[in-house]
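# Structure at a glance
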Amino acid sequence: MNRHPTTKTWVFPPEREPQVNRTNLRELAARPERFEHHLTIVAQLGCSQLEIATASEPVYFAHVNISDEYAVALPTGDAMIDMFPMRTFVSDPRTGADVGRYNHRCGDLVLHPYGYAHWPGKLRPPFTPIPFPPGARRCVLTLVYCASTRTPSTAPIVALPEGRKPDDVKPYIDPPPPLSLAALLDGPAGVVARVGDTHLELVDKPARISPPRGGWVVILVGAAPCDLIRVAPGDSLDGAGIDRALILSGDAEPEPIPPSWTELPLPPFAVVEDAPRVALPLTIDTLTVEAASDATVRITVTPDRPEDRFTYEHPGPVEVPRYWLARVLYRCALHGMQLNHVETYGGFFVDDSGPDVELGINQPFGRFAVRIPRAEAMATIERLYRAVAPPGYAERLT
C-alpha cells in the first residue's frame with residue numbers, strides 16, 4: 001500500500017478481508033494525503049468522540065479545549081518511537097503560566113483538564129525547529145478522547161500507576177489543577193476516563209466485549225493492535241486475540257461509521273509551497289505583522305480605545321517564530337476554525353470560540369485582539385499564513 005513516508009517504520013497488520021465495522025488506526029494515520037497534527041474524528045458516541053493525530057515534531061501551540069480531553073500515544077510497532085519520552089505542560093490560559101506537567105510515554109492516558117491550556121512538547125527559547133536529515137522523520141500516533149460540544153468536567157482522577165515516579169504527574173500550584181495519568185499497557189483495568197455521560201473502560205484479556213448500548217473498541221495489545229471496531233447495540237465482540245483494549249460506551253448508541261474511514265477532508269487552501277507568498281508587513285485592522293528576521297516576525301496589536309494606547313498596559317511588539325506560527329495558522333484552517341483557543345510562542349493566539357474569530361496577543365497583564373467576521377476568517381488566516389511562513393518552509397513533510 002502507498003503510505004506516508006514518516007510512517008515507514010510502523011508495523012501494519014497483514015492483508016485481511018475488509019469488514020464494514022472494523023478499521024486500523026495505523027492505516028488511517030499513514031495515508032499519504034494526511035497532514036500532521038490534524039485531529040481526525042474516527043468515532044462518535046453521544047457527546048463524545050475519538051480522534052487520531054500524528055506528529056513528527058513538537059506540537060506548535062497550547063490548546064484550550066471545550067471539554068476535558070484525554071490523549072494517549074498508541075504503540076506503532078517501531079520500538080524507538082514507542083520508547084520515546086514525552087512531556088505535556090498544563091497552563092493557566094489567562095496568564096500562560098504553567099500550573100503542572102506530565103512526564104509520560106507510549107500507552108499513558110493523560111488528562112488535559114477542562115478550563116486549562118495543554119501543550120505537549122513545549123519548547124524553550126529560541127524555539128528552533130528540529131533539523132531532520134532527509135528521510136529521518138518518524139511519527140507518533142495519538143488517540144484523543146473528548147467532547148464535540150462544550151461539556152463540563154466529569155473526569156475521574158485515577159491513582160498514579162504502581163512503579164511510576166511521583167513527579168511523572170507534577171502540579172506547580174496549590175490547590176493543584178486536576179491531573180490524571182493511567183497506564184493502559186500495564187495498569188489496572190477499569191474506567192480510566194469520562195467525558196459527559198460517556199466513559200472509557202480499560203479491559204484485560206476479555207472473554208467477550210458487550211457494551212449494553214453498543215460502543216467502540218480500540219485494541220491496544222493483541223493480534224491486531226490499533227484496530228478500531230464498532231459494536232452495534234445488542235452485538236458483542238469475541239475477546240479472542242485481544243489482550244488489552246479500550247471500550248468507549250455510555251448512555252447513547254455509537255454513531256455510524258464516520259467518513260474519515262474512507263476519505264480525508266480536502267485542504268482548506270493550497271499549502272504555502274503551491275501558491276504565491278504574501279509580502280510583509282501585513283496589517284489586519286489594528287494588528288500589524290512585520291518581518292524581524294527570516295526566523296521571527298514582530299506582531300503588534302493597538303488597543304481599540306484611544307485612552308488605552310499610552311498606558312503601561314499597552315502591549316509592545318512580541319516576536320513570534322515564523323515556522324511555528326505558520327504551522328498553527330494552517331492547523332486552524334485545517335480544523336475549520338473549530339479549535340476553540342490555540343496559542344503559540346510569544347503569546348500570539350487564535351480564538352474561534354465566539355461568533356467572530358479573534359487574532360491577538362495574550363500577555364500576563366492583558367489580552368489584545370482584533371475581531372474578524374467568521375465569513376472572512378479563513379481568507380484572513382490564509383493571507384497571514386502566506387506572509388509569515390519562513391524561507392524554505394513546507395507543509396508536506398517527508
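Everything below is about the structure printed above this text.
I will try to describe carefully the structure that is included in this document. Because the structure is a prediction, the values reported are computed rather than measured.

The rules we used
Residues numbered from 1 in each chain as written. Predicted model: local features only at pLDDT ≥ 70, side-chain atom pairs only at ≥ 80, totals over all residues. Heavy atoms only, no water. Helix = DSSP H or I, 4+ residues; strand = E, 2+ residues; numbered from the N terminus. Rg over C-alpha atoms; globule rule 2.2 N^0.38 Å. Buried < 20%, exposed > 50% of the residue type's maximum accessible area, 1.4 Å probe, protein only. Contact = heavy atoms within 4.5 Å. Areas by Shrake-Rupley, 256 points an atom, 1.4 Å probe, with all protein chains shown as cover. Lys, Arg positive; Asp, Glu negative; His and termini not counted. Charge placed at Lys NZ, Arg CZ, Asp CG, Glu CD. Salt bridge = Lys/Arg side-chain N within 4 Å of Asp/Glu carboxyl O. Polar contact = N/O pair within 3.5 Å; in protein donor to acceptor, adjacent residues only side chain to side chain. Expected span 1.5 Å × (residues − 1). Phe/Tyr/Trp six-rings, centres within 6.5 Å; stacked < 30°, edge-to-face > 60°. Axes fitted to C-alpha atoms, helices over the stretch in contact; angles between N-to-C directions. Parallel < 35°, antiparallel > 145°, perpendicular 65-115°, else oblique. Left-handed = near helix turned anticlockwise from the far one by under 90°. Nonpolar A, V, L, I, M, F, W, Y, C, P; charged D, E, K, R; others polar.

### A few points about the overall build of the protein
Helix and strand counts for the protein stand at four helices and 27 strands. Here the protein has a C-alpha radius of gyration of 21 Å; the compact-globule value for 398 residues is 21 Å, and the two agree. Once the C-alpha set of the protein is aligned to its principal axes, its extents read approximately 70 × 50 × 40 Å. Among the 398 residues that make up the protein, the fraction classed as buried is 54%. Sequence-distant contacts, at least 24 apart, represent 69% of the contacts inside the protein between residues at least 6 apart. For the protein, the exposed area adds up to about 17,500 Å²; of that, 55% sits on carbon and sulfur atoms. Positive and negative side-chain charges in the protein, numbering 38 and 48 respectively, have mean positions lying 4 Å apart.

### Section: the side chain of Glu-51
Position of Glu-51 among the secondary structure elements: in strand E3 (residues 48–55). For the buried Glu-51, no salt bridge exists, and the shortest N-O distance to an oppositely charged side chain is 13 Å, to Arg-331. Polar contacts involving the side chain of Glu-51 include one to the side chain of Gln-49, which spans 2.6 Å. Excluding anything up to four places from it in sequence, Glu-51 contacts Leu-39, Thr-40, Ile-41, Val-42, Thr-142, Leu-143, Val-144 and Cys-146.

### A few points about the environment of Cys-47
Counting through the fold element by element, Cys-47 comes out in the loop between strand E2 (40–45) and E3. Classification of Cys-47 as buried rests on a relative accessible area of 17%. Put simply, Cys-47 and Ala-333 are 286 residues apart on the chain and 23 Å apart in space, counted from C-alpha to C-alpha. Apart from the residues within four sequence positions on either side, Cys-47 is in contact with Cys-146, Ala-147, Ser-148, Thr-149, Thr-151, Val-195, Gly-196 and Asp-197.

### Describing helix H4 (residues 374–388)
Its 15 residues place the ends of H4 21 Å apart at the C-alpha level, agreeing with the 21 Å of an ideal helix rising 1.5 Å per residue. All of the buried residues in H4 are Ala-377, Thr-380, Ile-381, Leu-384, Tyr-385, Arg-386, Ala-387 and Val-388.

### Some details on the packing of aromatic side chains
Two measures describe an aromatic ring pair: the distance that separates the ring centres and the angle between the ring planes. With the rule as written, the count across this model stands at 15 aromatic pairs. Measuring from ring centre to ring centre gives 5.3 Å for Tyr-330 and Tyr-385, while their planes differ by 35°; the resulting arrangement is tilted. With Tyr-330 in helix H3 (residues 322–334) and Tyr-385 in helix H4, this pair connects stretches of sequence that are 55 residues apart. Tyr-385 carries the same exposure label as Tyr-330, and that label is buried.

### Quick notes on the packing of H3 against H4
Axis separation between H3 and H4 bottoms out at 9 Å; the angle between their running directions is 155°. Between H3 and H4, the angle is such that the two are roughly antiparallel. For the pair H3 and H4, the sense of crossing is left-handed. Each of Arg-322, Leu-325, Ala-326, Leu-329, Tyr-330 and Ala-333 in H3 lies in contact with H4, whose residues at this interface are Met-378, Ile-381, Leu-384, Tyr-385, Ala-387 and Val-388. In terms of residue class, the contact of H3 with H4 is made up of 11 nonpolar, no polar and one charged.

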